[in-house]
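# A look at the structure
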Amino acid sequence: IWLFENRANTTMKDNFPITVKGTGIGILLESSSRAVLENNRVKLDNTDEAEVGIVVKNVYKTRLLSNRVIGDGITGDANENIGMEIDASPGNLYCNNIFNNTRVGARVFGGSTSENLFRGTAFGDHDISLHLQAESVLGTQKHSQNKWLGEGGAVYDVSSVAALLN
């Protein structure tokens, strides 16, 4: 499913389960705003080919609620087997989403500040649960009730000098 350059209020809710059997992406929100993605299920069936369950790229004022991405194992190459990818998408609400059994649970690029609105996310087994790329910003996440339920922790790709400057 691909939502591209949409500015109208749009809801994608309770869709049939989406299975990515080979190379591909389950749901792609790109260059859009005011969308609601709620209660969708994405299955990544092939750890060596499936790319990302949900991609949010250049999106703002959007709500992603109670979505689930399940993989087929925690292996895969650098750009494969990722639950959700957030790229240059500030001001969105990410609440009660579930990522399990993927190489990376959620990966963030660029200015994607959500200030305490990345909430209640459940991370199951992953090689890396939350991956913040260098120069990415997710913002303050105090008391956001995210759950770390399995293997794999958070990684922030920045040097200690850059972290001190920020």
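Quick summary incoming for the structure in this document. (Residues numbered from 1 in each chain as written. Predicted model: local features only at pLDDT ≥ 70, side-chain atom pairs only at ≥ 80, totals over all residues. Heavy atoms only, no water.)

### Description of the sheet that holds strand β8 (residues 63-65)
- Reading across the sheet, the five strands line up as β2-β5-β8-β11-β14 and stay open at both edges, with parallel pairing between neighbours. Edge positions in the sheet fall to β2 (10-13) and β14 (118-119), since each of these pairs with one other strand and no more. (Pairing = 2+ DSSP bridges. Helix = DSSP H or I, 4+ residues; strand = E, 2+ residues; numbered from the N terminus.)

### Quick look at the pairing of strand β6 (residues 41-44)
- Residues V42 and L44 of β6 are buried on one face, while the alternating residues R41 and K43, pointing to the opposite face, are not.
- As judged from the three bridges shared by strand β3 (residues 18-20) and β6, these two strands associate in the parallel manner. Looking at the pairing, T19 lines up with K43 of β6. (Buried < 20%, exposed > 50% of the residue type's maximum accessible area, 1.4 Å probe, protein only.)

### Structural notes on the environment of D45
- Within the secondary structure, D45 is located in the loop between β6 and β7 (50-57).
- Judged by its relative accessible area of 28%, D45 is partly exposed.
- Separated by 23 residues in the primary sequence, D45 and G22 have C-alpha atoms spaced 7.2 Å apart.
- Residues contacting D45, with those up to four places away along its chain left out, are T19, V20, K21 and D72. (Contact = heavy atoms within 4.5 Å.)

### With respect to the sheet that holds strand β17 (residues 147-148)
- Taking strand neighbours across the sheet as the criterion, the six strands line up as β3-β6-β9-β12-β15-β17 in an open arrangement whose pairing is parallel. Each end of this open sheet is capped by a strand with a single partner; those strands are β3 and β17.
- In this sheet, strand β9 (residues 68-70) lies alongside β6 in parallel orientation, the contact comprising three bridges. Within β9, the residue paired with R41 across the bridge is R68.

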